[in-house]
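# Structure at a glance
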Amino acid sequence: MTAILSSAEHAERGQPSGEAIVVRGVSKRYGQLHALGGPIGSSPEGVNLELRRGELTALLGPNGAGKSTLIGLMLGLESPSSGSVRVMGGDPRWPQTRTRVGALPQDLSVPAGMTVGELLTLYAALYPRPLAVSTVLELCDLKAQARQRASTLSGGQARRLGFGMSVIGDPDLLFLDEPTVAMDVQSRQVFWAGVGTMQTRGKTIVLTTHYLEEAERVADRVVLLSAGQVIADGTPQQIKAGVRGATVRFVSRLEASVLQALPDVLEVTVSTHPGGWQRATLRTREPERLLAAVFATGAELSELEVSHATLEEAFLNLTAGPKEMTA
Ligand SMILES: Nc1ncnc2c1ncn2[C@@H]1O[C@H](COP(=O)(O)OP(=O)(O)OP(=O)(O)O)[C@@H](O)[C@H]1O
């Protein structure tokens, strides 16, 4: 696994009671296919993971990496082929565990004919200590739609209703599987504000998303899966720091051919800037050495900017295999 914090370090940091989810040596096979865990070299290897209470963890990975399989196991919808999953100290299949868990699945469908308010009232009745329907309507900004049939909501409103249905039981643990698909900018803002409210109330949240800038912004921790294995685990900053390299931008009169010849340049993009100047963007593994070489040219520079890898760049780098720019 690349870098970052090992499972043992995570376990050390939190007391056992501080863990919302404990995954030990878990594999999941469908026939011959290892969706999760599976052999590494000659020995079988299961997934190990501990998620602490109160944290927002983003479970990331390319299509088919095993994210939904892992969530299915954490929700008790599937049983592992080997290993064990504990959720809030219990088996995720037990009813007393399930009442403490909320989930917004990818493919949520709502019963036709019921209004938004009726649906939330119905869901609230399933839990021992639900939130008030009015609180949830406010949380997902659907007060104005309370009397509207749920099947007539727009895509983004329906997704926000799904969020409302996932939190109405006031769960301690919340799973959000690609929650912002089909949401416009406004819906996303409402949604993330609602998630923020759940976070400040100490809820544990597990999120899957392909929008990596969202994960970077909201996650306390990122777990990166690839081919059924955890390949990186840490804060977004730690994941990004595991990828060497940076982008250097500046405006100068240096020609593309001169920039290309500088040491440690991987890629150069040049665009024209008013007054005969050039705006240069350079990708490099060694920003300090490159900058020293740029300064050594004696060229006049302005608007100098150095930015390190985004989570998206780190993701692409880590899931592309060992050949690229990993540290
Ligand atoms: N019920 C099933 N039967 C057979 N194979 C399955 C089943 N569920 C998942 N798989 C396979 O297991 C692998 C992991 O799938 P999974 O849905 O967990 O990936 P994912 O990371 O959630 O992908 P995506 O980002 O596309 O949602 C895939 O190869 C998938 O085809």
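Notes on the structure follow.

Quick look at the side chain of S252 now. Mapping S252 onto the fold places it in strand 13 (residues 246-252). For S252, a relative accessible area of 0% puts it in the buried group. Among the polar contacts listed, one links the side chain of S252 to the backbone nitrogen of L254, at a separation of 3.0 Å.

The next thing to look at is the sheet that holds strand 8 (residues 101-104). One open sheet holds the six strands; their spatial order is 8-9-10-6-11-12, and the pairing between them is mixed. Single-partner strands in this sheet number two, and they are strand 8 and strand 12 (229-234). Ignoring which end each strand starts from, the neighbouring axes of this sheet average 15° apart. Note that strand 6 (residues 56-60) and strand 10 (residues 204-208) share four bridges and pair parallel. When the sheet's bridge partners are listed, T57 is paired in strand 10 with V206. Strands strand 6, strand 11 (221-226) and strand 12 of the sheet are contacted by helix 12 (residues 311-319), whose axis makes an angle of about 30° with strand 11.

Of all eight residues making up helix 2 (residues 67-74), seven are buried, and the element is well covered by its neighbours. Taken together, the buried positions of helix 2 are occupied by K67, T69, L70, I71, G72, L73 and M74. G76 sits one or two residues past helix 2 and shows a positive phi near 75°.

Turning next to the sheet that holds strand 13. Taking strand neighbours across the sheet as the criterion, the four strands line up as 14-15-13-16 in an open arrangement whose pairing is antiparallel. Only two strands of the sheet have a single partner each, and these edge strands are strand 14 (265-273) and strand 16 (302-308). Shown here is a sheet whose adjacent strand axes are inclined to one another by a mean of 15°, direction ignored. As paired strands, strand 13 and strand 16 are joined by five bridges and run antiparallel to one another.

Our next topic: the site of the ligand. Among the 13 residues in the neighbourhood of the ligand, the closest are listed as G64, G66, K67, S68 and T69. A distance of 3.1 Å separates an oxygen atom of the ligand from a polar backbone atom of A65. Within the side chain of T69, an N or O atom sits 2.6 Å from an oxygen atom of the ligand. In the complex, the protein chains occlude 61% of the 630 Å² of accessible area that the ligand would expose alone. Looking at the shell around the ligand, the elements with two or more residues in it are strand 2 (33-36) and helix 2. The element best represented in the shell around the ligand is helix 2, accounting for three residues. For the shell around the ligand, the per-class residue count stands at five nonpolar, seven polar and one charged.

About the criteria used
- Residues numbered from 1 in each chain as written.
- Predicted model: local features only at pLDDT ≥ 70, side-chain atom pairs only at ≥ 80, totals over all residues.
- Heavy atoms only, no water.
- Helix = DSSP H or I, 4+ residues; strand = E, 2+ residues; numbered from the N terminus.
- Buried < 20%, exposed > 50% of the residue type's maximum accessible area, 1.4 Å probe, protein only.
- Polar contact = N/O pair within 3.5 Å; in protein donor to acceptor, adjacent residues only side chain to side chain.
- Pairing = 2+ DSSP bridges.
- Axes fitted to C-alpha atoms, helices over the stretch in contact; angles between N-to-C directions.
- Contact = heavy atoms within 4.5 Å.
- Near = heavy atom within 4 Å.
- Areas by Shrake-Rupley, 256 points an atom, 1.4 Å probe, with all protein chains shown as cover.
- Nonpolar A, V, L, I, M, F, W, Y, C, P; charged D, E, K, R; others polar.

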